[in-house]
Amino acid sequence: MGEAILVTGGAGFIGANFVLNWAEVVGTPVINLDLLTYAGNPASLDALRGDEGHLLVHGDICDGELVAASLREHQPRALVHFAAESHVDRSIVEPDAFVRTNVQGTFTLLEQARLYWSQLDEPDRSSFRFLHVSTDEVYGTLGPQDAAFTEETPYAPNSPYAASKAGSDHLVRAYHHTFGLPTLTTNCSNNYGPLQFPEKLIPLVILNALEGKPLPVYGDGGNVRDWLYVGDHCSAIRAVLDRGQVGETYNVGGNSERKNLDVVTAVCDLLDELRPDAAIGARRNLITFVKDRPGHDRRYAINTTKIERELGWQPAKRFEAGLRQTVEWYLNNPAWVDNVRTGGYLHWIEQNYAERLAR
Ligand code: NAD
Ligand code: TYD
């Protein structure tokens, strides 16, 4: 077994940030298995072009033979699993892909990892890790006064996305419990930061507001999310990989609960300051309340006591500073933005928003 790690979904938002951070902070080789769906973007990894420490393998996590060959060939010491269908609204329109990638794909990885791991000799066998990156959405929704999610909160997923992630979490748990596979699971709140595909709230609003387009806020805008800067999520994953207790799950969050309307307003004010446009005027006027998402979870909040106490991890970036940095990143990277806003993206925007905005 070498010092390489196998990452899945490393051309997506969090995966790409993780791979870039890993090259900077750790520097050992990364094998990056990614299907390059609409959400995967090799341009996000341009900084690693020509770097021998990064190998992008274009392939599907549901392809057992490919996964087996990647493990056999590269002998990784860990598998860090990001690959997923990740957008709740898409899971409402097209749930099939979520069950396939998130459940079947995770199962395929677990099964191939088990076969690979079971033939390792000690001490490699004991030090191998399968780290599964999951979400707080598996816990369902909270009322305004409810205590934040802990690792003991019962699973109650409400969207096809959350249900498919919950299914994958259960499989990971079972592979540890039944076979002893050395697994770790992280359940993280909403990430934001550079390289996020602009179907998600924050980048969507930044780009629409920049161009003077309506800013679609679902329902009354009072839904609450906990926001974590993506770089902090990456450091949490490294901490869990390094020091996490095998078989355990860790909640990861930013201690930054915000109402959607407040997030959108903050983006508007930042853009008015950084890129004022007399023709557009105050961006807050672009806010448009639209038809709600079916089954829209009201509130997510994360209790981070376990990861703080056991692994000494804390988020480093405050929400306001991270949001400013994120807005600046989108302003400074128009080529990346143009590259992702292709035909498929425009089709999604039409499909999800045309009827909502016409009301
Ligand atoms: P993303 O949608 O930006 O990226 C997903 C990546 O997975 C893409 O590169 C895509 O090409 C790849 N992929 C999809 N299907 C694949 C398949 N069958 N085989 C191989 N690769 C495939 O997602 P993200 O926001 O970066 O999320 C990464 C992980 O973190 C997901 O598992 C998600 O559930 C979890 N997560 C995300 C958030 C968030 O706020 N974005 C929060 C908590 C947890
Ligand atoms: P999103 O970024 O899709 O993440 P998630 O659904 O996984 O939390 O959405 C964040 C919040 O913003 C969520 O409450 C839904 C809301 N939202 C809008 O109000 N308008 C939008 O156009 C989008 C994409 C999301």
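Quick notes on the rules
Residues numbered from 1 in each chain as written. Chains lettered and ligands numbered in written order. Predicted model: local features only at pLDDT ≥ 70, side-chain atom pairs only at ≥ 80, totals over all residues. Heavy atoms only, no water. 1 Å grid on protein atoms, 1.4 Å probe; cavity = no way out; pocket = protein on both sides within 12 Å on 5 of 7 lines; lining within 4 Å. Points joined across faces, edges and corners; volume = space filled by probe spheres on them. Helix = DSSP H or I, 4+ residues; strand = E, 2+ residues; numbered from the N terminus. Nonpolar A, V, L, I, M, F, W, Y, C, P; charged D, E, K, R; others polar. Near = heavy atom within 4 Å. Polar contact = N/O pair within 3.5 Å; in protein donor to acceptor, adjacent residues only side chain to side chain. Areas by Shrake-Rupley, 256 points an atom, 1.4 Å probe, with all protein chains shown as cover. Buried < 20%, exposed > 50% of the residue type's maximum accessible area, 1.4 Å probe, protein only. Contact = heavy atoms within 4.5 Å. Lys, Arg positive; Asp, Glu negative; His and termini not counted. Salt bridge = Lys/Arg side-chain N within 4 Å of Asp/Glu carboxyl O. Phe/Tyr/Trp six-rings, centres within 6.5 Å; stacked < 30°, edge-to-face > 60°. Lys NZ or Arg CZ within 6 Å of the ring centre and 35° of its normal.

Novice: Help me understand the layout of surface pockets, please; the structure alone is not making it clear to me.
Specialist: Over the atoms rolls a probe the size of a water molecule, and in doing so it shows where empty space is left. Taken as a whole, the largest pocket holds about 360 Å³ of empty space. Residue lining of the largest pocket: 18 residues in total, with Glu 151, Arg 173, Gly 247, Glu 248 and Thr 249 positioned closest to the centre. When residues in the lining of the largest pocket are grouped by element, the largest group, six residues, is from helix H6 (residues 160–179). Residue composition of the lining of the largest pocket, grouped by class: three nonpolar, nine polar and six charged. Quantified by volume, the second largest pocket comes out at close to 240 Å³. Leu 204, Asn 208, Lys 213, Pro 214, Pro 216, Arg 341, Tyr 345, Leu 346, Ile 349, Tyr 353 and Leu 357 together form the lining of the second largest pocket. Mapped onto the lining of the second largest pocket, the elements with two or more residues apiece are helix H7 (201–210) and helix H13 (343–358). For the lining of the second largest pocket, the class distribution of residues is eight nonpolar, one polar and two charged.

Novice: Is there a simple way to explain the site of ligand 1 in this structure?
Specialist: Residues in contact with ligand 1 amount to 28 residues; listed here are only the nearest, Ile 14, Asp 34, Ser 86, Tyr 161 and Lys 165. In the environment of ligand 1, an oxygen atom lies 2.8 Å from a nitrogen or oxygen atom belonging to the backbone of Asn 191. Surface burial for ligand 1 is 97%, taken as the share of its 840 Å² of free accessible area covered by protein chains. Elements with a contribution of two residues or more to the shell around ligand 1: helix H1 (13–25), strand S5 (129–135), H6 and strand S7 (190–192). Of the residues forming the shell around ligand 1, the biggest block, three residues, is contributed by S5. Among the residues forming the shell around ligand 1, the class breakdown is 13 nonpolar, 12 polar and three charged.

Novice: Would you take a moment to explain the side chain of Thr 101 for this structure?
Specialist: Here Thr 101 lies in helix H4 (residues 96–118). Owing to a relative accessible area of 12%, Thr 101 belongs among the buried residues under this scheme. Excluding anything up to four places from it in sequence, Thr 101 contacts Ile 61, Cys 62, Ala 83, Ala 84, Glu 85 and Thr 106.

Novice: When you look at the side chain of Asp 232 in this model, what are you seeing that I'm missing?
Specialist: Turning to its location among the elements, Asp 232 is positioned in helix H8 (residues 230–243). In this structure, Asp 232 is buried with no salt-bridge partner, the nearest side chain bearing the opposite charge being Lys 317 at 7.0 Å. Of note is the side chain of Asp 232, whose polar atom sits 2.9 Å from the backbone nitrogen of Ala 316. A distance of 2.9 Å separates the side chain of Asp 232 from the backbone nitrogen of Lys 317, its partner in a polar contact. Sequence-distant contacts of Asp 232, defined by excluding residues within four places in its chain, comprise Trp 313, Pro 315, Ala 316 and Lys 317.

Novice: I'm lost on the pattern of salt bridges in this one. Help?
Specialist: Side chains that differ in charge, positive against negative, can pair when their charged atoms come close. For the structure on display, the rule yields 17 salt bridges. With a closest N to O distance of 2.9 Å, Arg 114 and Glu 111 form a salt bridge. Taken together, the residues Arg 114 and Glu 111, both in helix H4 and three residues apart, mark about one turn of the helix. Arg 318 is the salt-bridge partner of Glu 320, the closest N and O atoms lying 3.0 Å from each other. Judged by relative accessible area, Arg 318 falls into the exposed class, the value being 58%. One network of salt bridges, with partners in common, ties together Glu 211, Lys 213 and Arg 341.

Novice: Explain the packing of aromatic side chains here, please?
Specialist: In this structure the tally under the stated criterion is 16 aromatic pairs. Aromatic side chains Phe 149 and Tyr 300 sit 6.3 Å apart centroid to centroid with 45 degrees between the ring planes, which places their arrangement in the tilted category. With a gap of 151 residues between them, Phe 149 in the loop between S5 and H6 and Tyr 300 in the loop between strand S12 (287–290) and helix H10 (305–311) connect regions that are remote in the sequence. Per residue, the accessibility class of Phe 149 equals that of Tyr 300, and both read buried. Relative to Trp 336, the ring of Trp 329 has its centre 5.2 Å away and its plane inclined at 70 degrees; by these criteria the two rings are edge-to-face. With a relative accessible area of 18%, Trp 329 lands in the buried category. Residue classification places Trp 336 among the buried positions, given a relative accessible area of 9%. Among the aromatic residues, those joined into a ring-pair cluster are Tyr 139, Phe 149, Tyr 155 and Tyr 300. Against the face of Tyr 38 rests Arg 90, its NZ or CZ located 3.6 Å from the ring centre. Directly above the aromatic system of Tyr 250 lies the positively charged group of Lys 306, at a separation of 4.8 Å from the ring centroid.

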